[in-house]
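So you can see what is in the structure, the chains are spelled out below.
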Amino acid sequence: ITLTDTDRNSNRTQTTNAEGIFSFVGILPGNYKITVEAPNFKTGVFENVRATFDSTKDVPVSLSVGGSTEIVTVS
């Protein structure tokens, strides 16, 4: 999982646990893009994810089977 701070143009990466759960702690409020990649699945991109101070945001991710060169963008 790659978290891109689109306001500040910076990236952080995280690996999911066995259940596919991930979290990014201590991020600044702002706009983010989340990119999800897994072998043998299409890449998922979630744009315009807004983070606010001291909050939790659920981003349900569902990847389709496909080649690694295919990208699906959700706005």
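To be clear, the structure that these remarks concern was listed above.
The rules we used
- Residues numbered from 1 in each chain as written.
- Predicted model: local features only at pLDDT ≥ 70, side-chain atom pairs only at ≥ 80, totals over all residues.
- Heavy atoms only, no water.
- 1 Å grid on protein atoms, 1.4 Å probe; cavity = no way out; pocket = protein on both sides within 12 Å on 5 of 7 lines; lining within 4 Å.
- Points joined across faces, edges and corners; volume = space filled by probe spheres on them.
- Helix = DSSP H or I, 4+ residues; strand = E, 2+ residues; numbered from the N terminus.
- Nonpolar A, V, L, I, M, F, W, Y, C, P; charged D, E, K, R; others polar.
- Salt bridge = Lys/Arg side-chain N within 4 Å of Asp/Glu carboxyl O.
- Core = buried A, V, L, I, M, F, W, Y, C linked by side-chain atoms within 4.5 Å.
- Buried < 20%, exposed > 50% of the residue type's maximum accessible area, 1.4 Å probe, protein only.
- Contact = heavy atoms within 4.5 Å.
- Pairing = 2+ DSSP bridges.

Enquirer: Where do I start with the layout of surface pockets in this structure?
Expert: Empty space among the atoms can be located by rolling a probe the size of a water molecule over them. Here the largest pocket defines a volume of roughly 520 Å³. The wall of the largest pocket is formed by 22 residues, among which Phe-24, Ile-27, Ser-55, Thr-56 and Lys-57 lie closest to the centre. For the lining of the largest pocket, the secondary structure elements donating two or more residues are β3 (30-36) and β4 (43-51). In terms of residue count, β4 provides more of the lining of the largest pocket than any other element does, 3 residues in total. For the second largest pocket, the calculated volume is near 260 Å³. Residue lining of the second largest pocket: 13 residues in total, with Ile-1, Thr-16, Gly-20, Phe-22 and Val-36 positioned closest to the centre. By residue class, the composition of the lining of the second largest pocket is 8 nonpolar, 4 polar and 1 charged.

Enquirer: For this particular structure, what's the right way to read the pattern of salt bridges?
Expert: Once their charged atoms are close, side chains differing in charge can pair, the charge on each being opposite to the other. Taken as a whole and judged by the stated rule, the model has 1 salt bridge. The salt bridge partner of Arg-8 is Asp-5, with a shortest N-O separation of 2.8 Å.

Enquirer: Which parts of the structure should I look at to understand the nonpolar core?
Expert: Looking at soluble globular proteins, one finds that nonpolar side chains tend to be buried together. Formed by Ile-1, Leu-3, Phe-24, Tyr-32, Ile-34, Val-36, Phe-46, Val-49, Ala-51 and Val-59, the largest nonpolar core amounts to 10 residues. Of all the elements in the fold, those that place two or more residues in this core are β3 and β4. The residues contacting Phe-46, other than those within four sequence positions of it, are Tyr-32, Lys-33, Ile-34, Val-36, Val-59, Pro-60, Val-61 and Val-74.

Enquirer: Sorry if this is basic, but what is going on with the pairing of strand β2 (residues 10-13) here?
Expert: When a strand is regular, its side chains alternate between the sheet's two faces. Of the pairings in the sheet, the one linking strand β1 (residues 2-5) to β2 comprises 4 bridges and is antiparallel in character. The partner of Thr-2 across the bridge, within β2, is Thr-13. Between β1 and β2, which pair antiparallel in sequence order, lie 4 residues; one of them, Asn-9, sits at a positive phi of approximately 55°.

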